[in-house]
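Now for the letters of each chain:
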Amino acid sequence: MTAELGRLEDLPADYREALSHQNLVPLWPSLRAVLPPEKPQPRTRATHWSYEALRPLLLKAGELTPIEKAERRVLVLANPGHGHEKMQASAAMYLGMQLLLPGEWAPSHRHTPNAVRMVVEGEGAWSTVDGEKCPMVRGDLILTPTGLWHEHGHDGDAPVVWLDVLDLPLVYYMEASYHVDGGRQAVQPGCGDRAYARAGVVPTPVFDRSRKAYPMLRYPWAEVRAALESLAADQPDLEAVQVTYVNPETGGDAENILGFYALMLRPGQKLKLPARSPASVFHVIEGSAQVTIGGQVFALAEADTCCAPGYTSVQLDNRSDSTPAFLFIADEAPLHRKLGVFEIRG
Ligand SMILES: [Fe+2]
């Protein structure tokens, strides 16, 4: 491999023009940029979004823009490495903080990108997904996978905020992103989180398994937290007290492109995560955590969110000696595995 390849400006101007005229481009001037040596050069930058800082701006959006003029009242957590106008947290992940005020309704629609909502603040809101009315409680994870109708309403008396995580940048890049509007959904009886309330058993009426691609749409925080505490109590020496949100019928990832996890850091615990190829997002559900991404250190308070590029090690540090910290994590691992590019570099 030669150290330096020919540059575009090394070529005669009339030759470059002749190439351009035929929609042709010489590869060698750009070869090192598209195939860098040893390691990708991600645009994604380690970035921290403070909830304390963004909350008043989100509430102000509630005063400035009625829901009818927004449809979804969201402030996008935009990674500066990609440019704010790209509205992406990483190559494949979009993050948004969404505000719904009492009495408001975000009308029903469906779209090709997959989404999840992590409830950050407030009580009384609900999401109806594929006819299932899901209450939205702090820490709950609610899926709105590709193609499923979803709408949001709010019967409470204080603002509700949730974190949206979508694979929108990827689906948009694929030129496969679109939405369809719909009317109010008829609510059907049944809740996936009740049907799959206990681990190890699944509903089998007359020996028959569910044929739904997404049998569970709401993962209540109370259940996930209890699972983490149970795991921590069962294995006191376990370094990473972590669970993955899965499809209870298949055991596979809950959605096709992004992965979702919950992690408990014991009081005073430091946890080093290996450098993995996918980018990751960390959101504090309870407690606080210091997150070191490469050489950068971020102090995350409750409800704060940060993003780490791929191929970078991450250290999580619960600096409280008395209380555990609970984190929600999203990453691009299912996508990387499906594409055969998933790597752990240690
Ligand atoms: Fe949506």
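These figures come from a predicted structure and were not determined experimentally.

J.: Please explain the overall build of the chain as it appears in this structure.
T.: Along its length, the chain carries eight helices and 21 strands. Radius of gyration (C-alpha) of the chain: 22 Å, near the 20 Å computed for a compact globule of 346 residues. Along the three orthogonal principal directions, the C-alpha set of the chain runs to about 70 × 50 × 50 Å. Put simply, the chain has 346 residues, and 47% of those count as buried. By sequence separation, contacts in the chain at least 24 residues apart represent 75% of the contacts at least 6 residues apart. A total accessible area of about 17,700 Å² is found for the chain, and carbon and sulfur atoms account for 54% of it.

J.: Would you mind showing me how to read the layout of surface pockets here?
T.: Empty space left among the atoms is revealed by rolling a probe the size of a water molecule over them. Roughly 1,700 Å³ of internal volume is contained in the largest pocket. Along the walls of the largest pocket sit 50 residues, with Gln 88, Ser 90, Ala 91, Ala 92 and Pro 169 positioned nearest its centre. Listing elements by their share of the lining of the largest pocket, those giving two or more residues are α2 (31-34), β2 (74-76), β3 (94-100), β4 (105-111), β9 (150-154), β10 (160-166), α5 (168-173) and α8 (333-339). Each residue belonging to the lining of the largest pocket can be placed in one class, and the counts come to 27 nonpolar, 15 polar and eight charged. Taken as a whole, the second largest pocket encloses approximately 580 Å³ of empty space. Taken together, 19 residues make up the lining of the second largest pocket; nearest its centre are Tyr 196, Ala 199, Met 216, Tyr 219 and Ala 227. Contributing elements (two or more residues each) for the lining of the second largest pocket: α7 (221-234) and β13 (241-244). Looking at the lining of the second largest pocket element by element, the count peaks at three residues for α7.

J.: What's the story with the pairing of strand β7 (residues 132-135) in this structure? I'm lost.
T.: In regular strands, side chains alternate between the two faces of the sheet. Going residue by residue along β7, you find Glu 132 and Cys 134 tucked away on one face and Lys 133 and Pro 135 left uncovered on the opposite face. One ladder, built from four bridges, connects strand β6 (residues 125-129) with β7; its direction is antiparallel. Among the inter-strand pairings, Val 129 is bridged to a residue of β7, identified as Glu 132. Hairpin geometry of β6 and β7 is characterised by an intervening segment of two residues between the two adjacent antiparallel strands and by a positive phi of about 55° at Asp 130.

J.: Can you walk me through the packing of aromatic side chains in this structure?
T.: Note on aromatic pairs: each is described by the distance of the centres and the angle between the planes. Per the counting criterion, the structure on display carries four aromatic pairs. When the ring of Trp 221 is compared with that of Phe 326, the centres are 5.6 Å apart and the planes differ by 80°; the resulting orientation is edge-to-face. Here Trp 221 is found in helix α7, whereas its partner Phe 326 is found in strand β21 (residues 325-331), with 105 residues between them in sequence. Counting every residue linked through ring pairs, the aromatic cluster contains Tyr 219, Tyr 245, Phe 260 and Phe 328. The side chain of Arg 184 reaches across the aromatic face of Trp 105, ending 4.1 Å from its centre. We note Arg 337 situated over the ring of Phe 342; from NZ or CZ to the ring centre the distance is 4.1 Å.

J.: Explanation requested: the coordination of the iron ion in the structure shown.
T.: Taken together, His 109 (NE2), His 111 (NE2) and His 150 (NE2) make up the full set of protein donors to the iron ion, lying 2.1 to 2.2 Å away. Counting residues between consecutive donors of the iron ion along the chain gives the motif H-x1-H-x38-H. Placement of the pair is His 109 in strand β4 and His 150 in strand β9, with a sequence separation of 41 residues. Both residues of the pair, His 109 and His 150, count as buried.

J.: For this particular structure, what's the right way to read helix α3 (residues 51-64)?
T.: Every α-helix carries 3.6 residues per turn, so stepping three or four residues along brings you back to the same face. In a regular helix each residue adds 1.5 Å, so 14 residues correspond to 20 Å; α3 covers 19 Å between its end C-alpha atoms and thus fits that length. Among all positions in α3, only Tyr 51, Leu 54, Leu 58, Ala 61 and Gly 62 are buried. The arc enclosing the buried residues of α3, seen along the axis, measures out at 100°, which places them on a common side. Residues of α3 that are exposed and angled more than 90 degrees away from the buried face: Glu 52, Leu 57, Glu 63 and Leu 64. Those residues of α3 that are buried are in contact with β1 (47-49), β2, β3, β5 (115-121) and β10. For α3, the N-terminal capping position is held by Ser 50, with its side-chain oxygen 3.3 Å away from the main-chain nitrogen of Glu 52.

J.: Would you take a moment to explain the environment of Pro 56 for this structure?
T.: With respect to the element layout, Pro 56 can be found in helix α3. As a C-alpha pair, Pro 56 and Leu 31 span 25 residues in sequence and 46 Å in three-dimensional space.

J.: Would you mind going over the pattern of salt bridges with me for this structure?
T.: Pairs can form between side chains of opposite charge whenever their charged atoms are close. The full count for this structure, using the stated rule, is 15 salt bridges. In this structure, Asp 193 engages Arg 218 in a salt bridge whose closest nitrogen and oxygen atoms are separated by 3.4 Å. On the criterion of sequence distance, the pair formed by Asp 193 in helix α6 (residues 192-195) and Arg 218 in strand β12 (residues 218-219) is long-range, its members being 25 residues apart. Under the relative-accessibility criterion, Arg 218 is labelled buried at 10%. For Asp 317, the salt bridge is made with Lys 270, and the minimal N-O distance between the two is 3.8 Å. Placement of the pair is Asp 317 in strand β20 (residues 312-317) and Lys 270 in strand β15 (residues 270-276), with a sequence separation of 47 residues. Look at Asp 317 and you get buried, because its relative accessible area is 6%. Judged by relative accessible area, which is 53%, Lys 270 ranks as exposed.

About the criteria used
- Residues numbered from 1 in each chain as written.
- Predicted model: local features only at pLDDT ≥ 70, side-chain atom pairs only at ≥ 80, totals over all residues.
- Heavy atoms only, no water.
- Helix = DSSP H or I, 4+ residues; strand = E, 2+ residues; numbered from the N terminus.
- Rg over C-alpha atoms; globule rule 2.2 N^0.38 Å.
- Buried < 20%, exposed > 50% of the residue type's maximum accessible area, 1.4 Å probe, protein only.
- Contact = heavy atoms within 4.5 Å.
- Areas by Shrake-Rupley, 256 points an atom, 1.4 Å probe, with all protein chains shown as cover.
- 1 Å grid on protein atoms, 1.4 Å probe; cavity = no way out; pocket = protein on both sides within 12 Å on 5 of 7 lines; lining within 4 Å.
- Points joined across faces, edges and corners; volume = space filled by probe spheres on them.
- Nonpolar A, V, L, I, M, F, W, Y, C, P; charged D, E, K, R; others polar.
- Pairing = 2+ DSSP bridges.
- Phe/Tyr/Trp six-rings, centres within 6.5 Å; stacked < 30°, edge-to-face > 60°.
- Lys NZ or Arg CZ within 6 Å of the ring centre and 35° of its normal.
- Donors = N, O, S within 2.8 Å, 3.2 Å for Na, K, Ca; no water.
- Expected span 1.5 Å × (residues − 1).
- Arc of directions from axis to C-beta.
- Polar contact = N/O pair within 3.5 Å; in protein donor to acceptor, adjacent residues only side chain to side chain.
- Salt bridge = Lys/Arg side-chain N within 4 Å of Asp/Glu carboxyl O.

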